[in-house]
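Each chain is listed here by its residues.
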Amino acid sequence: MPVSDTHATLVRTFYDALARRDLDAMERCYHPDVTFGDPIFQELEGRARIMGMWRLLMGYGTGLDVSLGRVSAGRHEVTADWTAGYTFAATGRRVVNQIDSLFRFESGLIVRQHDDFDFKHWSKMALGRPVGLVVGWTPALRARIRSQAMEGLKESMAPA
């Protein structure tokens, strides 16, 4: 099997594990030196922090539904389109987030994952139309959401 097909299969395995909330299977897809970025968790380094983020996200929202769409393999990277549906715990509002992911690989494992989504659209769903529409595009809201997310990650990873 060509390397690009192997990488695409690994990405499908990752999303299948995410849909099942199988953190151990997700972690096995990641290289120890993996990095992750998205509009909220801008840059995370290392498998422990990234898995901490996934644990936090799985505990924060309810009713997680994951749907994998197109997976395209190139020579050195894989792209995937996926949808995450969940109830945003802070507001009780339903979110259906369309996400574009880019993956790079080392030693047959994911070494880089970058997810991208429309933050303004997300904020309208998560916070409600008036708030999301009025302030969803502002740097201040993005900074506040990012800060809260990173604080939550720190707290969730702190020793008990």
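Our subject is the structure listed above.
Residues numbered from 1 in each chain as written. Predicted model: local features only at pLDDT ≥ 70, side-chain atom pairs only at ≥ 80, totals over all residues. Heavy atoms only, no water.

## A closer look at the overall build of the protein
This is how the line gets drawn: For the purposes of this entry, the term helix denotes a DSSP run of H or I that reaches at least four residues, the term strand denotes a run of E that reaches at least two, and both are numbered from the N terminus. Only the C-alpha atoms count toward the radius of gyration. The rule for a globule is 2.2 Å times the residue count to the power 0.38.
Across its full length, the protein holds six helices and six strands. When the helices and strands of the protein are listed from N to C terminus, the series reads α-α-β-β-α-β-β-β-β-α-α-α. Taken over C-alpha atoms, the radius of gyration comes to 16 Å for the protein, in line with the 15 Å a tight globule of 160 residues would show. Overall, the C-alpha framework of the protein stretches about 50 × 40 × 30 Å when taken along its three principal axes.

## Topic: the nonpolar core
The test is simple: Note on terminology: a nonpolar core comprises buried Ala, Val, Leu, Ile, Met, Phe, Trp, Tyr and Cys residues joined through side-chain atoms within 4.5 Å. Each residue is placed in one exposure class: buried if its accessible area under a 1.4 Å probe, protein chains only, is under 20% of its type's maximum, exposed if it is over 50%, and partly exposed if it falls in between. By definition, residues are in contact when any of their heavy atoms lie within 4.5 Å.
Core analysis: the largest hydrophobic core is formed by 44 residues, its most contacted members being Tyr15, Met26, Tyr30, Trp54, Ile110 and Trp122. When residues in this core are grouped by element, the largest group, seven residues, is from helix α1 (residues 3-20). Excluding anything up to four places from it in sequence, Tyr30 contacts Phe14, Phe36, Arg47, Ile50, Met51, Trp54, Leu109, Ile110 and Gln113.

## Some remarks on the packing of aromatic side chains
Spelled out, the test is: Classification of ring pairs uses Phe, Tyr and Trp, with its six-membered ring standing for Trp, and accepts pairs whose centres are within 6.5 Å; under 30 degrees between planes counts as stacked, over 60 as edge-to-face, and the remaining range as tilted.
By the definition in use, this model includes nine aromatic pairs. On the numbers, 6.3 Å between centres and 65 degrees between planes, the contact of Phe14 with Phe103 is edge-to-face. Within this pair, whereas Phe14 is found in helix α1, its partner Phe103 is found in strand β5 (residues 93-106), the two being separated by 89 residues in sequence. What makes Phe14 buried here is its relative accessible area of 0%. Pairing Tyr15 with Phe103 gives two aromatic rings, centres 6.0 Å apart and planes at 85 degrees, and the pair type is edge-to-face. Remark: Phe103 occurs in strand β5 and Tyr15 occurs in helix α1; sequence separation between them is 88 residues. In terms of burial, Tyr15 and Phe103 fall into one category: buried.

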